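As a plain string of letters, each chain reads:
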Amino acid sequence: FETKIEIVGVLTDALIGYECDPEDGWPIISSIKAYVVKKVTGARGEVDLTPIMDEYQLHSFASEINDALNADRNALRIEQMELRRMERDRAAT
């Protein structure tokens, strides 16, 4: 899951690794990696933030992921309903 994380006042890109719990579908976070640019060289590096995240931050990211997953599911349902409606309209003509 791609997101943004603020590190020392700088908003940076981050990638959150997760799996959904098979029982309730809630995201279980396995890793949080931020991508930072070194000021001196301009090189882009990866920093593993997983060990320094507290429970509140992990829950906040899991909620963000869950919201995105729900939005994707809803968009897919709407698309499927529209396709079924088009098929019915085509069959009726």
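Keep in mind it's a predicted model, so treat the numbers as computed, not measured. (Residues numbered from 1 in each chain as written. Predicted model: local features only at pLDDT ≥ 70, side-chain atom pairs only at ≥ 80, totals over all residues. Heavy atoms only, no water.)

Chemist: Is there a simple way to think about the overall build of the protein chain in this case?
Modeler: The helix and strand tally for the protein chain stands at one helix and four strands. Traced from its N-terminal end to its C-terminal end, the protein chain shows the element sequence β-β-β-β-α. Taking 93 residues into account, the globule formula puts the C-alpha radius of gyration at 12 Å, and the protein chain, at 19 Å, lies well above it. Overall, the protein chain is about 65 × 35 × 20 Å in size when its C-alpha atoms are taken along their principal axes. When the 93 residues of the protein chain are sorted by exposure, 19% land in the buried category. Across the protein chain, the fraction of contacts at a sequence separation of at least 24, relative to all contacts at a separation of at least 6, is 32%. When the accessible surface of the protein chain is totalled, it reaches about 7100 Å², and 55% of it is carbon and sulfur. Mean positive and mean negative side-chain charge positions of the protein chain (11 and 18 charges, respectively) differ by 8 Å. (Helix = DSSP H or I, 4+ residues; strand = E, 2+ residues; numbered from the N terminus. Rg over C-alpha atoms; globule rule 2.2 N^0.38 Å. Buried < 20%, exposed > 50% of the residue type's maximum accessible area, 1.4 Å probe, protein only. Contact = heavy atoms within 4.5 Å. Areas by Shrake-Rupley, 256 points an atom, 1.4 Å probe, with all protein chains shown as cover. Lys, Arg positive; Asp, Glu negative; His and termini not counted. Charge placed at Lys NZ, Arg CZ, Asp CG, Glu CD.)

Chemist: Sorry if this is basic, but what is going on with the sheet that holds strand β3 (residues 27–37) here?
Modeler: Think of a sheet as strands paired side by side through backbone hydrogen bonds, with each pair either parallel or antiparallel. If you trace the four strands from one edge of the open sheet to the other, you get β1-β2-β3-β4, paired in antiparallel fashion. This sheet does not close on itself; its edge strands, each paired only once, are β1 (2–7) and β4 (44–48). Ignoring strand direction, the axes of neighbouring strands in this sheet form an average angle of 35°. As defined by bridge partners, β1 adjoins strand β2 (residues 10–20) across six bridges and the pair is classed as antiparallel. When the bridges of β2 are listed, I5 appears paired with T12. (Pairing = 2+ DSSP bridges. Axes fitted to C-alpha atoms, helices over the stretch in contact; angles between N-to-C directions.)

Chemist: Could you clarify how one ought to interpret the nonpolar core in this entry?
Modeler: Soluble globular proteins: nonpolar side chains tend toward being buried together. One finds I5, A14, I16, I32, A34, L49, M53, F61, I65 and L69 forming the largest nonpolar core, which totals ten residues. Contributions of two or more residues to this core are made by β2, β3 and α1 (55–92). Looking at this core element by element, the count peaks at three residues for α1. With residues near it in sequence (within four places) discarded, A14 still touches F1, E2, T3, I5, K33, A34 and Y35. (Core = buried A, V, L, I, M, F, W, Y, C linked by side-chain atoms within 4.5 Å.)

Chemist: What should I look at first to understand the side chain of S31 in this one?
Modeler: Within the secondary structure, S31 is located in strand β3. If we ignore the near neighbours within four places in the chain, the residues touching S31 are L15, I16, G17 and T50.

Chemist: Whenever I open this one, the side chain of T3 confuses me. Can you help?
Modeler: Structurally, T3 can be placed in strand β1. Reaching out from T3, the side chain makes a polar contact with the side chain of E64 at a distance of 2.8 Å. The contact partners of T3, leaving out residues within four places of it in the chain, are T12, D13, A14, I16, F61 and E64. (Polar contact = N/O pair within 3.5 Å; in protein donor to acceptor, adjacent residues only side chain to side chain.)

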